[in-house]
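Descriptive structure summary
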Amino acid sequence: AMYWLGANGGINESLIEQWIAEAPEDAILLSQNEIGMTRCLLRAARSRGMQICLNPSPAVDPTWQADDYRCTWLIVNEIEFRDLMRLMLSREDVT
């Protein structure tokens, strides 16, 4: 099997810091889990006070904590919603 990160594989912390620093004052970050280093990107945007719109797709990362998903807008489908509820409620019986 072959796994190729493509352009997402080139994203690193210094590039994220540069993007966030250069963003206009009223910028809104639109992100999805497919983008490399999503958690770092969200933290940098939060530290700058940016509004964040997040789609935690293709899947909720089980290593994340509930606070990692803190954003202005959260756009989810049924699977991500269920996984987020399990994470937020720390329960396995959410169906």
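Refer to the preceding data block for the structure.
Anyway, here's the lowdown on the structure attached to this text. Within every chain, residues take consecutive numbers counted from 1 along the sequence as written. Two thresholds apply to this predicted model, a pLDDT of at least 70 for residue-level local features and 80 or more for giving and counting side-chain atom pairs, whereas whole-chain, interface and lining totals are computed over all residues. Side-chain numbers here rest on the full set of heavy atoms in the structure, without hydrogens or water.

Thoughts on the overall build of the protein chain
Starting at the N terminus, helices and strands are each numbered in turn, a helix being any DSSP run of H or I of at least four residues and a strand any DSSP run of E of at least two. Helix and strand counts for the protein chain come out as 3 helices and 3 strands. In sequence order, the secondary structure elements of the protein chain are arranged as α-β-α-β-β-α. Throughout, exposure labels follow a simple rule: accessible area from a 1.4 Å probe, protein chains only, divided by the maximum for the residue type, with under 20% read as buried, over 50% as exposed, and the rest as partly exposed. Taken across its 95 residues, the protein chain has 32% of its residues classed as buried. Two residues qualify as a contact provided that any one of their heavy atoms is within 4.5 Å of a heavy atom in the partner residue. Here the analysis covers contacts within the protein chain between residues at least 6 apart in sequence; of these, 36% occur between residues at least 24 apart. Counting every atom, the protein chain has about 6500 Å² of accessible surface; 55% of that belongs to carbon and sulfur. Here the open area of atoms and residues is found with the Shrake-Rupley method and a 1.4 Å probe, where only the protein chains shown may cover a residue.

Overview of the pairing of strand 2 (residues 51-55)
DSSP bridges decide pairing: two strands pair if at least two such bridges lie between them. Of the pairings in the sheet, the one linking strand 1 (residues 28-32) to strand 2 comprises 5 bridges and is parallel in character. In the sheet register, Leu30 faces strand 2, and the bridge partner there is Cys53.

Observations regarding the nonpolar core
One broad rule of soluble globular proteins: the nonpolar side chains tend to lie buried together. Only buried residues count toward a nonpolar core, which is a set of Ala, Val, Leu, Ile, Met, Phe, Trp, Tyr and Cys residues joined through side-chain atoms within 4.5 Å. By size, the foremost hydrophobic cluster in this structure holds 17 residues, and its most contacted members are Ile16, Ile20, Leu29, Leu42, Ala45, Met50 and Ile52. Of all the secondary structure elements, the ones that give two or more residues to this core are helix 1 (13-22), helix 2 (38-47) and strand 2. Excluding residues that lie within four positions of it along the chain, Met50 makes contacts with Ile20, Ala23, Ala27, Ile28, Leu29 and Ala45.

Observations concerning the sheet that holds strand 1
Strand order across the open sheet formed by 3 strands is 1-2-3, with parallel pairing between neighbours. The sheet is open, and its two borders are formed by strand 1 and strand 3 (73-74), each paired with just one other strand. Only C-alpha atoms enter the line fits that serve as axes; for helices the fit covers just the stretch in contact. Angles between N-to-C directions range over 0 to 180 degrees. Set on the sheet, helix 2 makes contact with strand 1 and strand 2; between it and strand 1 the angle comes to about 165°.

Notes on the pattern of salt bridges
Pairs can form between side chains of opposite charge once their charged atoms are near each other. Here, a salt bridge means any side-chain nitrogen of Lys or Arg that lies within 4 Å of a carboxyl oxygen of Asp or Glu. For the structure shown, the criterion picks out 3 salt bridges. Here Asp83 makes a salt bridge to Arg86, at a shortest N to O gap of 3.8 Å. Of the two residues, Asp83 and Arg86 are both situated in helix 3 (residues 78-89); the distance of 3 residues between them amounts to about one turn of the helix. Classification of Arg86 as partly exposed rests on a relative accessible area of 25%. Sharing partners across several salt bridges, the network here consists of Arg82, Asp83 and Arg86.

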